[in-house]
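Descriptive analysis of the structure
Listed below are the residues making up each chain.
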Number of protein chains: 4
Amino acid sequence: MRIEKDHFGTAELSTDTLHGIHTVRAIANFPLTGPVVSQDLIKAIAEIKRSAAEVNGQLGYIEPQKVTAITQAANEIIDGKIEYDFSLPAYQGGAGTSTNMCINEVIANRALQILGMACGTYSYIHPIETVNMHQSTNDVYPTALKMAIIRKLRILTEAAAELQGAFQKKEKEFDQILTMGRTELQNAVPMTMGSQFASFAQAIERDRWRCFKGEERIRTVNIGGTAIGTGITAPQKYIFRIIEKLRADTGLPLGRADHAIDSTANADAYVEVSAVLAANAVNLIKIAMDLRWLHSVGEISLPQLQAGSSIMPGKVNPVIIETVIQLGLKAKNDSALINDCAALGTLQINEYLPLLGDSILGMIDRLTDASNILSKHVLGIVCNKEICEKRLFNTTSIITALLPIIGYDKAEVLVEEFNTSTSKDFKLFLIEKLGSEIVNQQIDPSKLMALGHKIKKVVSTEDS
Amino acid sequence: MRIEKDHFGTAELSTDTLHGIHTVRAIANFPLTGPVVSQDLIKAIAEIKRSAAEVNGQLGYIEPQKVTAITQAANEIIDGKIEYDFSLPAYQGGAGTSTNMCINEVIANRALQILGMACGTYSYIHPIETVNMHQSTNDVYPTALKMAIIRKLRILTEAAAELQGAFQKKEKEFDQILTMGRTELQNAVPMTMGSQFASFAQAIERDRWRCFKGEERIRTVNIGGTAIGTGITAPQKYIFRIIEKLRADTGLPLGRADHAIDSTANADAYVEVSAVLAANAVNLIKIAMDLRWLHSVGEISLPQLQAGSSIMPGKVNPVIIETVIQLGLKAKNDSALINDCAALGTLQINEYLPLLGDSILGMIDRLTDASNILSKHVLGIVCNKEICEKRLFNTTSIITALLPIIGYDKAEVLVEEFNTSTSKDFKLFLIEKLGSEIVNQQIDPSKLMALGHKIKKVVSTEDS
Amino acid sequence: MRIEKDHFGTAELSTDTLHGIHTVRAIANFPLTGPVVSQDLIKAIAEIKRSAAEVNGQLGYIEPQKVTAITQAANEIIDGKIEYDFSLPAYQGGAGTSTNMCINEVIANRALQILGMACGTYSYIHPIETVNMHQSTNDVYPTALKMAIIRKLRILTEAAAELQGAFQKKEKEFDQILTMGRTELQNAVPMTMGSQFASFAQAIERDRWRCFKGEERIRTVNIGGTAIGTGITAPQKYIFRIIEKLRADTGLPLGRADHAIDSTANADAYVEVSAVLAANAVNLIKIAMDLRWLHSVGEISLPQLQAGSSIMPGKVNPVIIETVIQLGLKAKNDSALINDCAALGTLQINEYLPLLGDSILGMIDRLTDASNILSKHVLGIVCNKEICEKRLFNTTSIITALLPIIGYDKAEVLVEEFNTSTSKDFKLFLIEKLGSEIVNQQIDPSKLMALGHKIKKVVSTEDS
Amino acid sequence: MRIEKDHFGTAELSTDTLHGIHTVRAIANFPLTGPVVSQDLIKAIAEIKRSAAEVNGQLGYIEPQKVTAITQAANEIIDGKIEYDFSLPAYQGGAGTSTNMCINEVIANRALQILGMACGTYSYIHPIETVNMHQSTNDVYPTALKMAIIRKLRILTEAAAELQGAFQKKEKEFDQILTMGRTELQNAVPMTMGSQFASFAQAIERDRWRCFKGEERIRTVNIGGTAIGTGITAPQKYIFRIIEKLRADTGLPLGRADHAIDSTANADAYVEVSAVLAANAVNLIKIAMDLRWLHSVGEISLPQLQAGSSIMPGKVNPVIIETVIQLGLKAKNDSALINDCAALGTLQINEYLPLLGDSILGMIDRLTDASNILSKHVLGIVCNKEICEKRLFNTTSIITALLPIIGYDKAEVLVEEFNTSTSKDFKLFLIEKLGSEIVNQQIDPSKLMALGHKIKKVVSTEDS
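Described in the following lines is the structure provided in the data block. None of the values given here were measured: they were computed from a predicted structure. (Residues numbered from 1 in each chain as written. Chains lettered and ligands numbered in written order. Predicted model: local features only at pLDDT ≥ 70, side-chain atom pairs only at ≥ 80, totals over all residues. Heavy atoms only, no water.)

Re the interface of chain B and chain C
Put simply, an interface is often sized by how much accessible area is lost when its parts join up. Taken together, the 96 residues of chain B in the interface contact 96 residues of chain C. Around 8,000 Å² of area is buried between chain B and chain C when both sides are counted, 58% of it from carbon and sulfur atoms. If you look at where chain B meets chain C, you find 10 salt bridges. Across the pair Arg210(B) and Asp268(C) runs a salt bridge, and its minimum N-O distance is 2.5 Å. Between the two partners, chain B and chain C, sit 26 residue pairs in polar contact (both at pLDDT 80 or more). Among the elements that make up the side of chain B that touches chain C, the one with the highest residue count is helix α10 (residues 268-296) of chain B (15 residues). (Contact = heavy atoms within 4.5 Å. Buried area = accessible area lost by both parts, 1.4 Å probe. Salt bridge = Lys/Arg side-chain N within 4 Å of Asp/Glu carboxyl O. Polar contact = N/O pair within 3.5 Å; in protein donor to acceptor, adjacent residues only side chain to side chain. Helix = DSSP H or I, 4+ residues; strand = E, 2+ residues; numbered from the N terminus.)

With respect to the interface of chain A and chain D
Each partner contributes residues to the interface: chain A has 96 residues there, and chain D has 96 residues. Interface area, chain A with chain D, both sides summed: about 8,000 Å², of which 58% is carbon and sulfur. Between chain A and chain D we count 10 salt bridges in total. Between Glu272(A) and Arg210(D) there is a salt bridge whose closest N-O contact spans 3.1 Å. The interface formed by chain A and chain D contains 26 residue pairs in polar contact (both at pLDDT 80 or more). If you tally residues by element for the side of chain A that touches chain D, the top one is helix α10 (residues 268-296) of chain A, at 15 residues.

Some words on the relation of the copies chain A and chain D
Placing chain A over chain D gives an RMSD of 0.0 Å and needs a rotation angle of 180°, together with 0.0 Å of translation along the axis. The superposition of one copy onto the other is thereby described by a two-fold rotation axis. Across chain A, the smallest distance between a C-alpha and the rotation axis is recorded for Ala275(A), namely 2.7 Å. Same-surface contact between copies: 100% of interface residues of chain A are shared with the interface of chain D. (Least-squares fit on C-alpha atoms with pLDDT ≥ 70 in both.)

Examining the pairing of strand β4 (residues 186-192) of chain C
All names here are of chain C. Across the seven residues of β4, six count as buried, placing the element largely inside the fold. Strand direction decides the pairing type here: strand β3 (residues 178-183) and β4, joined by five bridges, are antiparallel. Paired with Arg182 across the two strands is Asn187, which belongs to β4. Following β3, the chain reverses through two residues before pairing antiparallel with β4; Glu184 in that reversal takes a positive phi of roughly 55°. (Buried < 20%, exposed > 50% of the residue type's maximum accessible area, 1.4 Å probe, protein only. Pairing = 2+ DSSP bridges.)

Encoded structure:
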């Protein structure tokens, strides 16, 4: 048993407990049922502690053996090997102070253990004065959050690349299948099913590019700025070295904010990242709904994966599509929450960063999950060529392909005539009315997908 | 090792695994990183399984010894004693089918174990034909969700009642402390600090009442409606008995939907509940921000709970307030997500119920947490009477209390005169200008808080 | 030309300009491009001015001839006959002060004109001291807003009633048409098209009821509370009489807030109303999307209303559906904005009431428009019986109707067998396998829509 | 009187009515109370009509005299000189078809008038076959919307530049004023008021840059793609020339979409633009709230602009701040609506583009208004140096500046000692305890704002 004290009193801790009194306070103050702080964020904070200890060691602020022990303790967190359960509530107040404090305490005590000293021997290694030296929650927390976001964005980028690849595979596979293009869910004009999947691929390609650009928006960090970005309490040498060290240690393209007061106070950079993610969410929802629609009308078949009902034998539901839509809706709406957090921050820091950070990391996870399960699903999609083509040629919508030849008014007349006739095959009807040459020429697949026609002579309506 | 099969192939399961092939499919299909299905929802489903088995037993559809075993298995889930980890992803597709299937399988296999039979002996107790008899995911899942919501709403109601009580305690305590009322964050007219806390109490009282009314909105359930609300496959006697049994077994005031097709298809009832919660969220955010403001200007002091900074000694932050605001923002925004889910459901069921359900249960948890931590915090609030009164009497805003006597134009003149004078105490200034009798009479605390004045003689501006 | 002055200087106004210097300030301060203040709100404020003048007259605070002139001026606004263009920006700061000030000025000057006096003769009738006597923007504005909301809610209720009626007409019309019920957009079990429309009618019926309840939530007003709800500057007699007078003059069931400080400070009542509207929006979106889906697959036909394309002859789009969805989306999202406004209000009033009020009035207008155009559209819907029934009997989903007889496992076997056979008509296939008696009995329309079956003898799976 | 006909019947129009039957249908089908289509969008469509007519003329599809007349008619719309009131409802269904149709009709009829022919002589100039030649609503409408957005973004950029300039002017003006930096609204560490305004300027500078980048995201247009992006009905030469012509005629940096099917179907580009605007909204809200806070505590004074109350003489409210916050909230929430519209589009076009477009143009207007009124307001802000400095030196928060010298534990002890002492001036207290040299050196303004300190010798806690 050991006793620690703070401004507000004392706390009893068992001898081996790695956290200290500040964590005791946090546990007491935030008895919340919601999610806990992301492990990726905790690891990123530990990385900063490690880099900071080493820089402080190089500058003579911390003795080498302490630096070594702190580094080892931090590594145990980073590698997930520490015997400590960082289950801090994600929606804690205090702008992340409790999370930072807890990690300071755990590293200090673990480092003391490594050095064979008792937990709580803070006169030797102090959670704040040693482990947190030249740092503040207000520069550590946002810097770590950005590190965690960048890494997750890269994972999302890979997932998006795979999804794009899946769509492109299908684009090629369905390249020669003519099908009905639809606007406002009504038959419009012909296209190929390959083009349909190409347009999905294009949307996801933009998302990939956005993730890449999103990284640029948040790679500027305020580490070294301490409490409000002025670097108060930190030596200048440390400020310049810590960013270099962190970049080297993590391999991430981090840059020092030119105006760290601004960087500490304003959270609009996260709005940009959440917007990137919102665009991805929007595309995933749109694509998933389109795939479901095409599957519902039988033009494509989604892979069948599990019994869809506890009561209706043989029923199979588009469960992956529905999962993707739900993940997309969740991400889409979290972007509004992030905007709220960013808007409501006050003066020198954004006190809602814990909620903002948890939401943005969650968004990326949701979208990565969605891309992953959708990629696999898309690869199993089959296009039902007969249905597509039969449907296309049995409607009047191919008339548009003839507009350059016959004009709008005449086309309307033909459509009306067909609709009141007993004929069911519009292609045959057109051949009967206009001759096979002109019809076959215009409804040829390659012709339909070429950009524009090359008809020379124009027959105007008034002449026909 | 045992083998199970479905439409899509087979799955190997270890002899003692309680779930079956449908759960195997779900695990494979939904490799998601997000939250898992609420235990409260799982328990509510198990309750329905129990009641259904008993009704089916009474009607002769299931043999007594099977009913007993199923009941015992369900009770183990309800009591949290079953040795099975229901970690199904909350954002699964399939409208909850996988969750229902998993519970069916676990109950069937556990019941078989209880009866000394091997897991997988479905010819004796079948997950679907026996455990799910006369049920569908589409009536079980929403009914269970509503049961879980009602129970959580009651917990929230209690938390809100405690918060209201805390505010009322302070209302009484600060009853005689005059302070500045502020509109648009500018000094307005006098009030008591007690009234300030009374208005917080009033808002929370409405929230309590809303929770109570919210329960009414969702106590109508579609159990017995099976797939789409028509009760297909279920015997009429079962349909009428299951709702009675469930009401009796749970003690919840559940009612059978008159039009179960509507009740199965439409999710607007959840919008109403989420709106109740949004109103509570809005009130909590508003109140928390007000408390923080009053604390910032020193008129009240929030309890000091933990060191607020890893760098600034002695700094203490309003961490409970910030937690409450974050929980409120989260709940507020989840209400938009619930609206989305409800709006996008299609035809005979809402396929986004898993996301909707998880969000609404989460909202209630967030708000309950918020009320709980805020209640405790409010009880520790101190009002700094000297600051309140000094600030009040040193501003010109108390002039309003004299308007019935002196009129607006004259009041404006006095204010202007005071502002250009060297005087700092407006009360003294007024006494000098208007005499002490009239001033003291009008600025008397009890007078100020009474509803309106009783001045008989009106001195019109033009006469003055 | 006349000169008016305020705290900040003077303003030149032409002799006949009805507004005064406070409006001049507002025009200069808020050069906004957005919407202007709702005329309904302006008229409701004028009604309050009229009632207040009359009460003040009865109590001897304003001379009879002034009351008469003020009443006449207010009536001109209420009747839309005043020659003044109230185009004040809706998103003005100041919690509505400029709107209230402008109406005070216009009424004062118009009343002076009526009495044959020059505009600006404020020593006789003063915009603030006379017209605004015993009032504050902070009680006038929210009271007027609630009056305007109640009236609009009633219009929406009528529009919803008409929509409900339209659905019920179709419910009856399509009562005998069997069709496929669909869950997760996949074929599920049979139902009638009448039931489909009945479930739309039920949802809208709840919306009607919600509108009615919504009125209850906001009929409590803070008029008489003046600046912050304490009634400061107002005589007690006035406070009690004004609410009676306003109720009598308007015929609206207004009630005085018991705790006017709370009523002035907290905006959660609007959250409840916006939630009512959000539920209606959600239902309209859901229904519109369902109608579009059923139209897309040909089971119903929406009325054709206009050429759907400038390029594709004969194309007709579901434009009313798309309008309804857009109006629903707009309303749904405005509800989030209203929540934001309500959450961010500070201390004794909600300074964002102008935005909140404009949004809530707009929501009601959008939803009323949506119901109106949809009602008319629904009446023209035709159900394509042949398509519905052919589709139903050509799928395996009707197997569910036989589950009580044959059990799930056997049903699955039959479905699989059918799917690998060359047969296309599942009903015939079933008759072949099970005999016509059992099949026809179970797939009988009236049987299918009855709540549950009455089969006595249960053939368990293991026996078959 | 003239008669026009379409698929659905006939319509009587007065001889001179510029619109035709398609507009008659739209008016009848969309009797909406909401906003009307943006004039900027209508003008952009007219510009496309003009360019298309000229390209079609060059290619020999339209006779020169017709081109001239169409061009003149289009110019009349562009210049706002046409005698026609384009009050089409903004929330119309049909993906903008009615708007495009109306403009086609008005241009055709006006061109006929110019040529001395009767309105309705469509055999000569046809609204669709001539004016809409080689176009579709589906390429015209989104292209025009992007043109309108780009132009408005440029206006917003200018407004943001002005706002940035205003903040920078104050940054310089307040450069030497020390004040309290605050985190979580609690006293933190010293900074200058200049830095505060610099951080506002930085945020707005990023917004400017985002507007610039936002333009890049939407300058790629699908004109020439016609119905679904395949360019069906349009000659290839036209497709390549129209984009060149439009770029030349408008001076906008428009580019042709490589994959026009994608560009027609997917609306994620608008999500990016709305995100840019959301970031700006978030910054404006954050800044406005900060300014209001600093004004409330007296450290800055906002310009006084208008009487703030109809009842409290002398009260002045931060009305510009409140307007900015409301405009920001409106824009923030519209971004969620835009995401919804983008997510819900189906297959080959986004049918909710009318709502999306109106919302995005509105967002830009709101934000431009906000920047404009805030710029002017900021220029009038005064910093109250005495209040700032007195407050700074009377708190313990400056202790942080001494941490590098004395360490955290000793600092905590000093703070506690001061708090229990009768001393009120912490600076004097520190001088007494630590000597004036060390205190003055560390609390020197230039020292405080320098990035980090250069203290060589570190006095560790254990030595003190």
